[in-house]
Amino acid sequence: MSQQDVLRRFMFEELGIRGLWISLSTSWQTARQHQHCAENVQLQLGQALTAVALLSATIKFNGSMILQAQGDGPLKTLVAQATHDRKIRGLIRGSDTVSTGSLQEMFGEGRLVLTVSPANGQPYQGIVPLQGVNLAAALETYFAQSEQLNTRLWLFANGTRASGLLLQELPSQLNDKADWERIEILASTVTEQEMLELDCEELLFRLFNEEKVRLFDAEPVEFDCSCSRIKIENALRMLGRQELESVLQERAQIEVNCEFCNKYYRFDRIDVEQILRSGKNISTDAQTRH
């Protein structure tokens, strides 16, 4: 049976090199169905979701990692998020027609931002120019500048599956340059068809059958949107009474749409009053400070 919606870790036992492989199917389809744009645009989101899931698995933390690409070209915004427990979601926004090309051709001038937000701790970011033939190339530049670890990525997506492969030197290892170059050359022979159709064991045997590779258990990946009515209520409360009253004067209720999962939240005047009353002390304090 084909492996779907899983992440697999592997390691070259005699080399200071680790790897990760991911295949998304149902989770990719769920994320995709909420983004109403051309297929070639959606595929950029598929690559981003595989990338952020792979990258989040390279660090030990509780929280989330967000990959965000912004530019002034036909594609405006791409956001992909993965949590430490392999929950993913994402969105993409741009013009109705976007020609497939390099990142600069699709996004224009822009930047790529990786943000790690630990559950307990301060977020930290890495930023690089949004340049290169594709997202994998831009992320390799990020690692070269920020992490200073040899890292290679292969990211692919089609209408049904999204798949990715990551190779990375382990820190504080006396790595042999020739070993890294050999593994990199072998991995570079992989094709899009192989990435999207082969299971992890088949792919690793195809690429590295003469190496000693240890493969770890599969980790399930799923689409999950963290939006909730409570979070929306907190956001509305922070707007304050004056702003909310202004909106209610124009329409009967306030509607909020989650761009990740397309879920609608509706609040009528009674709901808004309850939200404001439940945060009365907070609102009073905010008015006093300002």
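Residues numbered from 1 in each chain as written. Predicted model: local features only at pLDDT ≥ 70, side-chain atom pairs only at ≥ 80, totals over all residues. Heavy atoms only, no water.

**Section: the overall build of the chain**
Counting secondary structure elements, the chain contains 11 helices and 14 strands. Seen through its C-alpha atoms, the chain measures out along the principal axes to roughly 70 × 40 × 40 Å. Relative to its 290 residues, the chain shows a buried fraction of 47%. Within the chain, contacts between residues at least 6 apart in sequence are counted, and of these 62% link residues at least 24 apart. (Helix = DSSP H or I, 4+ residues; strand = E, 2+ residues; numbered from the N terminus. Buried < 20%, exposed > 50% of the residue type's maximum accessible area, 1.4 Å probe, protein only. Contact = heavy atoms within 4.5 Å.)

**Examining the pattern of salt bridges**
Within the structure shown, the criterion is met by 22 salt bridges. Arginine 277 is the partner of glutamate 273 in a salt bridge, and the nearest nitrogen-oxygen pair spans 3.3 Å. Residue glutamate 273 and its partner arginine 277 are located together in helix α10 (residues 269–278), separated by 4 residues, close to a single helical turn. Note on arginine 277: relative accessible area 59%, which makes it exposed. The structure contains a network of salt bridges with shared partners spanning Arg241, Glu245, Arg269, Glu273 and Arg277. (Salt bridge = Lys/Arg side-chain N within 4 Å of Asp/Glu carboxyl O.)

**Things to note about the packing of helix α1 (residues 26–33) against helix α2 (residues 39–56)**
As a packed pair, α1 and α2 sit with axes 10 Å apart at the nearest point and diverge in direction by 130°. The pairing of α1 with α2 is recorded here as oblique in orientation. Crossing hand, α1 versus α2: right-handed. Taken together, the residues of α2 that come into contact with α1 (itself represented by Trp28, Ala31 and Arg32) are Glu39, Gln42, Leu43, Leu45, Gly46 and Leu49. Along the lines of polarity and charge, the residues of the contact of α1 with α2 split into 5 nonpolar, 2 polar and 2 charged. (Axes fitted to C-alpha atoms, helices over the stretch in contact; angles between N-to-C directions. Parallel < 35°, antiparallel > 145°, perpendicular 65-115°, else oblique. Left-handed = near helix turned anticlockwise from the far one by under 90°. Nonpolar A, V, L, I, M, F, W, Y, C, P; charged D, E, K, R; others polar.)

**With respect to the side chain of serine 163**
If you trace the backbone, serine 163 turns up in strand β9 (residues 162–169). With a relative accessible area of 1%, serine 163 lands in the buried category. Among the polar contacts made by the side chain of serine 163, one reaches the main-chain carbonyl oxygen of isoleucine 22 at a distance of 2.9 Å. Only 3.0 Å separates the side chain of serine 163 from the backbone oxygen of methionine 195, close enough to count as a polar contact. Among residues more than four places away in sequence, those in contact with serine 163 are Trp21, Ile22, Ser23, Thr50, Trp154, Leu155, Phe156, Met195 and Leu196. (Polar contact = N/O pair within 3.5 Å; in protein donor to acceptor, adjacent residues only side chain to side chain.)

**Quick notes on α1**
Listed as buried for α1 are Ser27, Trp28, Ala31 and Arg32. All buried residues of α1 lie within an arc of 130° about the axis, which places them on one face of the element. Tucked into the core, α1 has its buried residues touching β2 (17–24), α2, β5 (87–94), β9 and β12 (222–223). (Arc of directions from axis to C-beta.)

**What to know about the nonpolar core**
In terms of nonpolar packing, the biggest core is built from 66 residues, with Leu67, Leu112 and Leu139 touching the most fellow members. Counting residues per element, this core draws most heavily on α2, at 10 residues. If near-sequence neighbours (up to four positions away) are discounted, leucine 112 is found in contact with Leu67, Gln68, Ala69, Gly126, Ile127, Val128, Pro129, Leu130, Leu135, Ala138 and Leu139. Membership of the second largest hydrophobic core comes to 21 residues, among which are Phe12, Ile17, Leu165 and Leu196. (Core = buried A, V, L, I, M, F, W, Y, C linked by side-chain atoms within 4.5 Å.)

**Digging into the packing of α2 against helix α4 (residues 135–147)**
For the pair α2 and α4, interaxial distance at closest approach is 10 Å and the crossing angle is 30°. Here α2 is positioned roughly parallel relative to α4, judged by the angle of their axes. For the pair α2 and α4, the crossing hand works out as right-handed. Listed contacts from α4 to Gln47, Ala48, Ala51 and Leu55 of α2 are Leu135, Leu139 and Phe143. By residue class, the composition of the contact of α2 with α4 is 6 nonpolar, 1 polar and no charged.

**A short note on the environment of leucine 153**
Here leucine 153 shows up in strand β8 (residues 151–157). According to the relative accessible area criterion, leucine 153 is buried, its value standing at 2%. Leucine 153 sits 110 residues away from lysine 263 along the chain, and the two C-alpha atoms are 33 Å apart. Those residues in contact with leucine 153 that lie beyond four places of it in its chain are Leu54, Leu55, Ala136, Leu139, Glu140, Leu165 and Leu166.

**Points about the packing of aromatic side chains**
This model, assessed by the stated rule, comprises 3 aromatic pairs. Summarising the aromatic geometry, the rings of phenylalanine 10 and phenylalanine 12 are spaced 5.9 Å apart at their centres and angled 75° between planes, so their arrangement reads as edge-to-face. Between the aromatic rings of tyrosine 142 and phenylalanine 143, the centroid separation amounts to 5.4 Å while the plane-to-plane angle is 85°, which identifies the pairing as edge-to-face. Chaining the aromatic ring pairs together yields one cluster made of Phe10, Phe12 and Phe208. (Phe/Tyr/Trp six-rings, centres within 6.5 Å; stacked < 30°, edge-to-face > 60°.)

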